[in-house]
Amino acid sequence: MHLDHTHDGSGAVSADARRPDGTRRALRIGLGGPVGSGKTATVAALCRTLRDRYALAVVTNDIYTREDADFLLREAVLPPERITAVETGACPHTAIRDDISANLEAVEDLEDRLGPLDLILVESGGDNLTATFSKGLVDTQIFVIDVSSGDDIPRKGGPGITTADLLVVNKTDLAPHVGADLTTMASDAARRRGDLPVAFTSLTGDDGVRPVADWVLERLTVWHHGTARPEPATATP
Amino acid sequence: MSTLTEDVAPLPDASSVVATARVRAEHNGRTTTLPLLSGDGPFHLQRLRPRGGLARVDVIGAMSGPLGGDRLALHAEVGPSACLRITSAASTIALRGPTDDNATYDLRLTVGDDATLHWLPQPLISTAGSSLRQTCAVGLSPTARLVLRDEQILGRTRETSGDLTTRLTVLRGDRPLLDQHTSYGGPHPAWDGPAVMGSHRACGQLLVVDPSLGRAALPPVLLGDPDGPARGVLVPLAGPALLATAVADTATRLRRLLDEALDRALTAKGTLPFGPG
Amino acid sequence: MSRTALLVLAGGRFPAGDHAHSGGVEAAVAARAVHDSATLYAFCRGRLHTAGLTAAALAAAAAAGHDPLVLDEAADARTPAPALRATARKLGRQLLRAARAAWPCEALERLARDLPGGAHQPVVLGVAAHAAGLTASDAAHVAAFGHVAGPATAAVRLLGLDPFDATAVLARLCDDVDAVAHQAADAAGRVAGEGAGVLPAASSPLLDITAEQHAAWPMRLFAS
C-alpha cells in the first residue's frame, strides 16, 4: 500500500505541443533577465491583466527557494495552487537551459492538477545576460532588462538581448534620474535584434505592462491556431 | 524469501552459548493466554500481570552477553486477536567473547490477524571489542498492529563502540514495509562521519504499525533541537506506519525523544476517524 | 555494449535534474559538520556505504531485468524518510524523461505507464542502463558514483571549496565506489534465487533525520 503517490500522467519526453491525452497544452512563455530588472513584477502585472480572460499558471526558478513565488503569493496575483517554485541548486541558468527536467515536471504537473491551461509563465532566477531558455522548455521567451543598469546594455548584447522573442526595457520612468537615453537604447536594440520587437515599460503607471500583455495576447492567438511552432513529427500517443 | 543469509555464521565453538527462547500468545475468545513461554540460555521469561488488555512478558537476562561466538535467538508469535507486550528488565550488553567470532542475536516476531505486539526492550549496548550481528525479522499480517522500539548505545561512558550491525526487516503480508541495516564501530567506513552518526553515540527507532493509519495521519514531525545533542524525526512510511528515528549523546536523551515520538504517534492514531487502534 | 553509453549516462551533463540536489550535504554544511575537503570526504564515504550501497544494489537488480515494481516497493521500504522518497521519485521521473529520449524502448515506456508517479531513481537508472546496453555492474557504478559526485559538486557551490580539492576527494573515493558497486552487483545476482529482500538495506540515521529537517527549511539553495 503506497500512501505517497501524488503525481499522475507519464508525461511527454520534451516540449511536445500536445499533452498525453492528445489535447493541446498551454503556451509556455519564459521570462529571463538580470537580477532586479523587474521580471517578477512583470509576471505579476501580466497575471493581473490576463487572469480574468485566460487560465494562467506561473513557475518560478528561485535562487533561494520560493522567494519569487512568495512575492507572487503575497501580491495575490494568482491563487497559490497556480504558482510552483522550482529549486535550482544555486544554478538558475542550468534549470532553464542545460537540464530542464525539473521545470518540465513543474509545467506538466500544473496542467495535470489544474486541467487545461491557456498560458504558463516560466520565470527564470535572476542571472546574467547570457541566460536563455531552452526551446525544449518554452515556446517563446521574453528578456527583461531595465534602464537603471545602464543604457549601454542593449549595445553589449548577449544571447538574451539578441535572440529573445521580445526584449522588455523596464523602469523607463527612472530614465531621467539615471541619465539613460531611451532613444539610444532603442536604436542599439534594433541593431542587435533586427526585426525582433522591443517593448519599453514602466510598471509604476496604470496598465504599464500593456505593451507586453498585447504581445503575449498575440502569441496566444497564434498558439491557439496551432502555428506557433511546427507540430512534432510524431504526435505523443 | 530470506533476508538474513548474509549474517549466517559458522557454528560456534564449545564455549559459546546457543539458545533460543520462545513465546507464543493466543486469544482464547475472551483474553490473551501464553501457551508457550520457554526461556533458554541467558533468557529467563517472566510472566507479568496483564494490563490494558495486553498479556505481558518480561525478558530477564540471566547472564551477561551476548559474548563473541554466542548464537542467541528469541521468537515471539502473537496469534490472531491476541495482544502481547514484551519488555526487558535490563539492557543487553554485547561483550568481547572468548573467541574473535561474532555473536549473533536473531529476533523473530510474528503478529497475526487483528493481533497486537508491543516490543519494548531496554537498549542494546555495544562495548569495546565486542562484535554482534543482530537481526530483527518482523512478520505482520495485514491487520496486525505493532509498536517496536530499538535502541543502540555505542560504547559505555567514554568507551569506544564495538562492531555492531543490525538488520530490521518488517514484512506486512508478503510485502516489505521497512528494511534497514545499520553498521557501527571500527571496521565500518565513515560510521562516525557526518553522513552516518557524527559524534552521536546513541541511536534508536520507534515503529508504530497500524492498518488504520492513513496518508494524512501525521506529517513529518521534527523531534528535539536540530542543533542540539539529541534530535530526530517522526515520519510516515510508505505503508500504514509511523517511524521515529533519533540520535543523541546519551541513552536518557534518546529515550526522551522516542517517548515523545510514541506519544505523538498514539495521538495521531487516536484522532483518526476509525478510532484508536 | 557501448562503453561510451556509460559515460553518457554517468556524465554530469546528463539532464536528469541532479544539479538541484545536494545529497544531504547542504544540511551538513549548515550544521558545520562539513566544512572542508576532509569532512567532505568523510561525508561522501559515509553516504556511499549506506544510501549509496542500497541505491547501487537496486539499480543493479533493475539492470539485471528484475521486476521494477517489486524493486520500487523494496526501495520504499529502504527509504523511511518521506522527503527522500519524494526526492527519489522526482529524480526518477526526471531521469526517465531523459532516458526515454536517449534510449527509447518499450521497457522505459512501460515503467512510465506502470508508475506514473515516478519510480525510485535507482530503479529507473537500472532500467535505463539496460536500455543503453549496459550491465548490472555498470548501473551499480553509476548509482554509487552519483552518491558521492552530487554532494561533492554541491559542496563546491555551498562552501566555495576549491574545485580541485573536491575532485581530489572523488578520486580518493574511487576504490570505495568500485567496492560498493561490486557488492551491489553481487547482491543483485542473488535476487533471482532469494528475492529482493537479499538486496542491501544499508541506512544512516543522520541522512534520514537531516533530510526532513532540510525539507522544513523556509530558504535553501538545493531541493534536497
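Residues numbered from 1 in each chain as written. Chains lettered and ligands numbered in written order. Predicted model: local features only at pLDDT ≥ 70, side-chain atom pairs only at ≥ 80, totals over all residues. Heavy atoms only, no water.

> Which residues make up the domain arrangement of chain B, and what values go with them?
All names here are of chain B. The domain boundaries assigned to chain B delineate domain 1 (39-190) and domain 2 (199-277). Computed from C-alpha coordinates alone, the two centres of domain 1 and domain 2 are separated by 19 Å. Residue-level contacts link 24 residues of domain 1 with 23 residues of domain 2. Overall, the association of domain 1 and domain 2 removes approximately 1,900 Å² of surface from exposure, summing both partners, and the carbon and sulfur fraction of that is 60%. (Domains from an automatic or database assignment. Contact = heavy atoms within 4.5 Å. Buried area = accessible area lost by both parts, 1.4 Å probe.)

> If you had to explain helix α8 (residues 182-193) of chain A to someone new, which residues and values would you point to?
Residue and element names in this part refer to chain A. Counted at 1.5 Å a residue, the expected span for α8 with its 12 residues is 16 Å, and the 16 Å between its end C-alpha atoms agrees. Regarding α8, the residues found buried are Met185, Asp188, Ala189 and Arg193. The arc that holds every buried residue of α8, seen down its axis, measures 115 degrees, which confines them to one face. Along α8, exposed side chains directed more than 90 degrees from the buried face belong to Thr183 and Arg191. (Helix = DSSP H or I, 4+ residues; strand = E, 2+ residues; numbered from the N terminus. Expected span 1.5 Å × (residues − 1). Buried < 20%, exposed > 50% of the residue type's maximum accessible area, 1.4 Å probe, protein only. Arc of directions from axis to C-beta.)

> Please provide a residue-by-residue account of the interface of chain B and chain C, values included.
The interface of chain B with chain C comprises 37 residues on the first partner and 40 residues on the second. Both faces combined, the contact of chain B with chain C buries some 3,000 Å², and carbon together with sulfur accounts for 62% of it. For the pair chain B and chain C, the interface holds two salt bridges. Close ionic contact of Glu73(C) with Arg175(B) constitutes a salt bridge, the shortest N to O distance being 2.3 Å. Scanning the region where chain B abuts chain C turns up 12 residue pairs in polar contact (both at pLDDT 80 or more). At the level of elements, β14 (175-184), β17 (231-236) and β18 (241-248) of chain B are the ones that each hand at least two residues to the side of chain B that touches chain C. Here the residues of the side of chain B that touches chain C are counted per class, giving 22 nonpolar, 11 polar and four charged. (Salt bridge = Lys/Arg side-chain N within 4 Å of Asp/Glu carboxyl O. Polar contact = N/O pair within 3.5 Å; in protein donor to acceptor, adjacent residues only side chain to side chain. Nonpolar A, V, L, I, M, F, W, Y, C, P; charged D, E, K, R; others polar.)

> I'd like to hear about the confidence of the model for chain A, residue by residue, with values.
Scored by pLDDT, chain A comes out at a mean of 86, with 88% of its residues at no less than 70. Confidence drops under pLDDT 50 across residues 230-237 of chain A; counting only partners more than four residues distant or on other chains, this segment forms nine contacts. (pLDDT = per-residue confidence, 0-100.)

> With reference to specific residues and values, describe the nonpolar core.
The biggest cluster of nonpolar side chains holds 130 residues, and the ones touching the most others in it are Leu84(B), Leu207(B) and Leu40(C). It is helix α3 (residues 37-63) of chain C that contributes the most residues to this core, 14 residues altogether. Three or more residues apiece are contributed to this core by two domains, here domain 1 (39-190) and domain 2 (199-277) of chain B. Sequence-distant contacts of Leu40(C), defined by excluding residues within four places in its chain, comprise Val25(C), Val34(C), Pro151(C), Ala152(C), Ala155(C), Leu161(C), Ala166(C) and Val169(C). (Core = buried A, V, L, I, M, F, W, Y, C linked by side-chain atoms within 4.5 Å.)

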